[in-house]
Amino acid sequence: MKGKLIRLSILLLAFSLTFACDHGKDAAAAQDKNTPTPAPADTSLPVLSLPPDSGLPPTIDSARAMQYVKEVVKFGERPIGSANHKKVEDYILAHLKGDEVESDSFTADTPEGKFPVHNIIAKYPGTKDGIIVIAGHYDTNYPLRGTGYVGANDGGSTTAILLEFANQLRGRKRDGYSVWLLWTDAEEAVKSWSDTDSLYGTRHIAAQWQQDGTAKKIKAFLLTDMIGDADLDIDRDANSTQWLEAVVYEAATRLGYQSHFFARNNAISDDHLPFMKIGVPSADIIDINYGYNDVFHHTPQDTVDKLSPKSLEIVGTVVLETVRILDKMDPLPPK
Ligand SMILES: [Zn+2]
């Protein structure tokens, strides 16, 4: 993933149960990540008509999620095409035994040659017509292979949190939208980040789901990336759907975790972009500043000791609360 700082600002955030969605803040549409990004004139979130807060808040087992991170990291480097990559694929599939699982496998043509790519999808049916996709990548950075880079946060944390989501969803009748968990592959660039050298897995599956009509049924695409940092500061992302960002912030507020969200404004290039392009409302839930001045990001220092189960719990419960709010929002804001 790649990010660009827009600016620090104080967000004026206002929610209301009575006002409709404001569509005037599509700040990111024309941004190019290679050129300086102008600060948006207005960084306030859209004001939504939201369902009242009711029922028990969601929970996850953050110690178990942390244990998954450790087990995944133990495999070592997991770049596409490697034996360790295959091990983590098998590890994910072993944890989904008995669930409805699909894989989206293809060969990616990259600047470093051809690689097998495997997106993994686990489906948990709901009573409501429509799908919410929760995604996160499981590959580790290819150019850093051979350096001892294990991607505890960048690749490991998301592999783990999705496995914990599976535990929470499995065997329970969902009174809401169907939830599909998507472990994305080949998110990382193999040489240097560009539109064609990155996001191989999501570009493939977004095209496929557009073609077979699945995309029309997806109500929201919630992406997680680098969510284990003990010093958790989730970015407000200008490249995400702004009404969905507002729902994420509402979920964080309802759980009392809002101080970990949206103090920074960024425009992030990540696995949500292929879905944004085909009109699926998407939100990237990412803390792009990993260590002071991002020093641990894409370095061999991205190790488990920088992570906290509390951060997994914060993001995990906020994602599940976001789903719970979306379940009750009827109708959802227009795409
Ligand atoms: Zn990365």
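Points about the coordination of the zinc ion
Geometrically, a metal with four donors at the corners of a regular tetrahedron has ideal angles of 109.5 degrees, and one with six donors at the corners of a regular octahedron has ideal angles of 90 or 180 degrees. Summarising the metal site, the zinc ion is bound by the protein donors D154 (OD), E188 (OE), E188 (OE) and H298 (NE2), whose distances to it range over 1.9 to 2.7 Å. For the zinc ion, the four donor atoms are set out with angles of 52 to 153° between them, so the coordination reads as irregular. Mapped onto the polypeptide sequence, the residues donating to the zinc ion form the spacing pattern D-x33-E-x109-H. Note that D154 is positioned in helix α3 (residues 152-169) and H298 in the loop between β9 (282-286) and α8 (309-328), a separation of 144 residues in sequence. Take H298: its relative accessible area is 25%, and that puts it in the partly exposed class.

Describing helix α1 (residues 62-74)
With 13 residues, α1 ought to run about 18 Å at 1.5 Å a step, and its terminal C-alpha atoms sit 18 Å apart, in line with that. Among the residues of α1, S62, A65, M66, Y68, V69, V72 and V73 are the ones counted as buried. For α1, the angular spread of the buried residues around the axis is 150°, confining them to a single face. Turned more than 90 degrees away from the buried face of α1 sit A63 and K74, all of them exposed. Of the surrounding elements, those touching the buried residues of α1 are α2 (83-95), α3 and α8. For α1, the side-chain oxygen to backbone nitrogen distance between the N-cap and A63 is 3.3 Å, and the N-cap itself is D61. Backbone geometry just downstream of α1 places G76 in the positive-phi region, at approximately 90°.

Here is what the cut-offs are and how they apply
- Residues numbered from 1 in each chain as written.
- Predicted model: local features only at pLDDT ≥ 70, side-chain atom pairs only at ≥ 80, totals over all residues.
- Heavy atoms only, no water.
- Donors = N, O, S within 2.8 Å, 3.2 Å for Na, K, Ca; no water.
- Tetrahedral: all angles 85-135°; square planar, octahedral: opposite > 155°, others 65-115°.
- Helix = DSSP H or I, 4+ residues; strand = E, 2+ residues; numbered from the N terminus.
- Buried < 20%, exposed > 50% of the residue type's maximum accessible area, 1.4 Å probe, protein only.
- Expected span 1.5 Å × (residues − 1).
- Arc of directions from axis to C-beta.
- Contact = heavy atoms within 4.5 Å.
- Polar contact = N/O pair within 3.5 Å; in protein donor to acceptor, adjacent residues only side chain to side chain.

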